[in-house]
Amino acid sequence: MSVNLDPSLYLKNQPNDRTPSTNLGKDEFLKILMAQLQNQDPSNPMDDKQFISQMAQFSSLEQTMNMAKSIDRLVESQMISPVIQYSHMIGKEVSYRAVDEETGEKGEEISSQVVSVSQHEGWAVLELKNGDKIYADAAIQVSDPTEDTEEKA
């Protein structure tokens, strides 16, 4: 019976250059520690204090990595869509300064009710009852229109 081996599997055909990783994670640390234990001199075994120190370093590394993952999740949760972030503005009365399209000068203060919130290039855009659209940071005052009508009655 003849078996044909794929020549790409021969050791001489394997790439010689390896790309070392700059990251030393908990798996790599544990592999190094296990290799050190397996290859120690039986007549002069590893000092137990040194072993405990290395295990403490391993535990510290693992806790640091878990904390980094938690921080990453926290940062991701803070990057909420502007639409969701400003959705509470729907129904609110906002005041803003009108801007002249040609000159760019700010004009009179205008108030209108927010009817919807959209997003443009990562920024929240408030769409108003009067037809205007303004960026959320252009609002200079926010009020609840139901409170205004209750005070007048």
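Residues numbered from 1 in each chain as written. Predicted model: local features only at pLDDT ≥ 70, side-chain atom pairs only at ≥ 80, totals over all residues. Heavy atoms only, no water.

Peer 1: Requested: an account of the overall build of the chain, with residues and values cited.
Peer 2: Along its length, the chain carries four helices and five strands. Written out in order from the N terminus, the α and β elements of the chain read α-α-α-β-β-β-β-β-α. Going through the 153 residues of the chain one by one, you find that 14% of them count as buried. Across the chain, contacts joining residues at least 24 apart in sequence account for 44% of those joining residues at least 6 apart. In the form shown here, the chain has an accessible surface area of approximately 12600 Å², with 52% of it arising from carbon and sulfur atoms. (Helix = DSSP H or I, 4+ residues; strand = E, 2+ residues; numbered from the N terminus. Buried < 20%, exposed > 50% of the residue type's maximum accessible area, 1.4 Å probe, protein only. Contact = heavy atoms within 4.5 Å. Areas by Shrake-Rupley, 256 points an atom, 1.4 Å probe, with all protein chains shown as cover.)

Peer 1: Give a description of the sheet that holds strand 3 (residues 123-128) that names residues and reports values.
Peer 2: In spatial order, the strands read 4-3-2-1-5; together these five strands make up an open sheet with antiparallel pairing. On the outer flanks of this sheet lie strand 4 (133-135) and strand 5 (141-143), each paired with one strand and no other. With direction set aside, neighbouring strand axes in the sheet form an average angle of 45°. One ladder, built from six bridges, connects strand 2 (residues 106-120) with strand 3; its direction is antiparallel. When the sheet's bridge partners are listed, V114 is paired in strand 3 with L128. (Pairing = 2+ DSSP bridges. Axes fitted to C-alpha atoms, helices over the stretch in contact; angles between N-to-C directions.)

Peer 1: So what's going on with the nonpolar core? Residues and values would help.
Peer 2: Counting 10 residues, the largest nonpolar core consists of M89, V94, Y96, V114, V117, A124, L126, L128, I134 and A136. Take this core: its biggest share by element is three residues, from strand 3. Those residues in contact with V117 that lie beyond four places of it in its chain are P82, V83, Y86, S87, I90, V125 and L126. (Core = buried A, V, L, I, M, F, W, Y, C linked by side-chain atoms within 4.5 Å.)

Peer 1: Tell me about the side chain of S95, residues and numbers included.
Peer 2: Locating S95 in the fold gives a position in strand 1 (residues 93-99). Among the polar contacts made by the side chain of S95, one reaches the side chain of S111 at a distance of 2.8 Å. Discounting residues that sit within four places of it in the chain, S95 has contacts with E109, I110, S111, A138, A139, I140 and Q141. (Polar contact = N/O pair within 3.5 Å; in protein donor to acceptor, adjacent residues only side chain to side chain.)

Peer 1: Describe the pairing of strand 3, and please don't skip the residues or the numbers.
Peer 2: If you look at the hairpin formed by strand 2 and strand 3, you'll find two residues sitting between the two strands, and E121 has a positive phi there, around 55°. Relative to strand 4, strand 3 runs antiparallel, the two sharing three bridges. Within strand 4, the position partnered with V125 by the bridge is Y135. The antiparallel hairpin formed by strand 3 and strand 4 contains four residues in its connecting segment, where G131 sits at a positive phi of about 95°.

Peer 1: Explain the pairing of strand 2 to me, using residue names and the numbers behind them.
Peer 2: As paired elements, strand 1 and strand 2 share six bridges and run antiparallel to each other. Counterpart to V99 in the pairing with strand 2 is K106. Counting the residues between successive antiparallel strands, the hairpin from strand 1 to strand 2 contains six residues, one of them, G104, with a positive phi of roughly 80°.

Peer 1: Outline a negative patch on the surface, listing residues and values.
Peer 2: A contiguous patch of negative charge, built from D100, E101, E102 and E105, is present on the exposed surface. Note on placement: E105 falls in the loop between strand 1 and strand 2. Taking the relative accessible area as the measure of exposure, E105 reaches 55% and is therefore exposed. (Patch = residues over 30% accessible without salt bridge, like charges linked within 9 Å, V, L, I, M, F, W, Y side chains within 5 Å. Salt bridge = Lys/Arg side-chain N within 4 Å of Asp/Glu carboxyl O. Lys, Arg positive; Asp, Glu negative; His and termini not counted. Charge placed at Lys NZ, Arg CZ, Asp CG, Glu CD.)

Peer 1: With reference to specific residues and values, describe the layout of surface pockets.
Peer 2: Taken as a whole, the largest pocket holds about 340 Å³ of empty space. When contributions to the lining of the largest pocket are tallied by element, the ones reaching two or more residues are strand 1 and strand 4. Here the lining of the largest pocket gets four residues from one element, more than from any other, and that element is strand 1. Of the residues assigned to the lining of the largest pocket, the class counts are eight nonpolar, no polar and five charged. (1 Å grid on protein atoms, 1.4 Å probe; cavity = no way out; pocket = protein on both sides within 12 Å on 5 of 7 lines; lining within 4 Å. Points joined across faces, edges and corners; volume = space filled by probe spheres on them. Nonpolar A, V, L, I, M, F, W, Y, C, P; charged D, E, K, R; others polar.)

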